[in-house]
Amino acid sequence: MATLLDQWHAEHVAFARLLDLFDTQLAAFHEGERPNYELMTDIVDYLRRYGDRFHHPREDAAFARLVERDPEMRLPVNRLLQEHRVIARASDELLERLGEIADDVMTSRADVEMAAATYLVYYRHHLATEERRVMPRARDLLRDEDWAAAQAATPEAPDPSSDADFGERYRELLQYLAQHPKR
Ligand SMILES: [Fe+2]
Ligand SMILES: [Fe+2]
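Residues numbered from 1 in each chain as written. Chains lettered and ligands numbered in written order. Predicted model: local features only at pLDDT ≥ 70, side-chain atom pairs only at ≥ 80, totals over all residues. Heavy atoms only, no water.

Turning to the coordination of the iron ion (ligand 2), a few remarks are in order. Looking at the iron ion (ligand 2), one finds its protein donor set to be H12 (NE2), H55 (NE2), E59 (OE) and E130 (OE), positioned 1.8 to 2.2 Å from the metal centre. If you look at the iron ion (ligand 2), its four donor atoms make angles of 82 to 172° with each other, and the shape they trace is irregular. Sequence spacing of the donors to the iron ion (ligand 2): H-x42-H-x3-E-x70-E. A separation of 3.1 Å is found between the iron ion (ligand 2) and the iron ion (ligand 1), which are bridged by E59. (Donors = N, O, S within 2.8 Å, 3.2 Å for Na, K, Ca; no water. Tetrahedral: all angles 85-135°; square planar, octahedral: opposite > 155°, others 65-115°.)

Laid out in structure tokens, this is it:
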């Protein structure tokens, strides 16, 4: 069953695009300009919620099956599972820093930059490892029943474009994406 792999790949591309958007704002921050904090917050918040709710649980289930099919995958898979937790922690840390800026609480620029840079490096590296190292093995080794188990790990993900709650919560993000179509 290749559909879940195709879906993951599409999601990885979308996640990478959001991380690039985040990076443009971080560059503005680094130059001493005022970035769009609401957009930065929306991106991290969206990735955190969507990742934890839909993307990561299915990967976790599929990766566990992959280790059963090929024990040599244990080390890279364990690393990825750990990264899911690290990314969640880095997201929370970053959201906290961004929240302090929004609330006008004194927070040092260095703290914000460090939290943001750590988050970006971790997330990009994680996506690249999954694409390069793990997904090709999963495509070769996992069987229909493995994919069914992964699929069953979470309910169907909502389509963000038709989800009213999403539109309200991530207004800034949707606006920005509409103004900056995919190249
Ligand atoms: Fe992942
Ligand atoms: Fe992933």
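On inspection of all chains with the given rule, the structure shows nine aromatic pairs. Each ring, one from Y50 and one from F54, has its centre 5.3 Å from the other, and the planes form 45°; the classification is tilted. In this pair, Y50 and F54 are both assigned in helix α2 (residues 37-69), four residues apart and thus about one turn of the helix distant. Of the two residues examined, Y50 and F54, each falls in the buried class. Taken together, the aromatic side chains of F15, F22, Y46, Y50, F54, Y119 and Y123 make up a single cluster linked through ring pairs. Here the basic side chain of R109 rests over the ring of F29, its NZ or CZ set 4.1 Å away from the ring centre. (Phe/Tyr/Trp six-rings, centres within 6.5 Å; stacked < 30°, edge-to-face > 60°. Helix = DSSP H or I, 4+ residues; strand = E, 2+ residues; numbered from the N terminus. Buried < 20%, exposed > 50% of the residue type's maximum accessible area, 1.4 Å probe, protein only. Lys NZ or Arg CZ within 6 Å of the ring centre and 35° of its normal.)

Around the iron ion (ligand 1), the protein contributes the donor atoms E59 (OE), H84 (NE2), H126 (NE2) and E130 (OE), at 1.9 to 2.2 Å from the metal centre. Along the chain, the residues donating to the iron ion (ligand 1) fall in the pattern E-x24-H-x41-H-x3-E.

In this section: the pattern of salt bridges. According to the stated counting rule, one finds 12 salt bridges in the structure shown. A salt bridge links D146 to R65; its shortest N-O distance comes to 2.9 Å. A residue pair is termed long-range when its members are at least 10 positions apart, and D146 in helix α5 (residues 144-151) and R65 in helix α2 qualify at 81 residues. For D70, the salt bridge is made with R137, and the minimal N-O distance between the two is 2.8 Å. Pair noted here: D70 is in the loop between α2 and α3 (74-102) and R137 is in helix α4 (residues 109-141), with a separation of 67 residues, a long-range link. Of the residues examined, R137 reaches a relative accessible area of 30% and is grouped as partly exposed. When salt bridges that share partners are traced, they join R65, R69, E145 and D146 into one network. (Salt bridge = Lys/Arg side-chain N within 4 Å of Asp/Glu carboxyl O.)

What follows is about the packing of α3 against α4. Packed helix pairs are specified by the crossing angle of their axes together with the interaxial distance, meaning the distance between the axes. Between α3 and α4, the least distance of the axes is 9 Å, while the angle of their chain directions is 150°. Of the possible angle classes, the one that applies to α3 and α4 is roughly antiparallel. Here the hand of the crossing between α3 and α4 comes out left-handed. Taken together, the residues of the contact of α3 with α4 sort by class into 14 nonpolar, five polar and six charged. (Axes fitted to C-alpha atoms, helices over the stretch in contact; angles between N-to-C directions. Parallel < 35°, antiparallel > 145°, perpendicular 65-115°, else oblique. Left-handed = near helix turned anticlockwise from the far one by under 90°. Nonpolar A, V, L, I, M, F, W, Y, C, P; charged D, E, K, R; others polar.)

These figures come from the coordinates and say nothing about function on their own.
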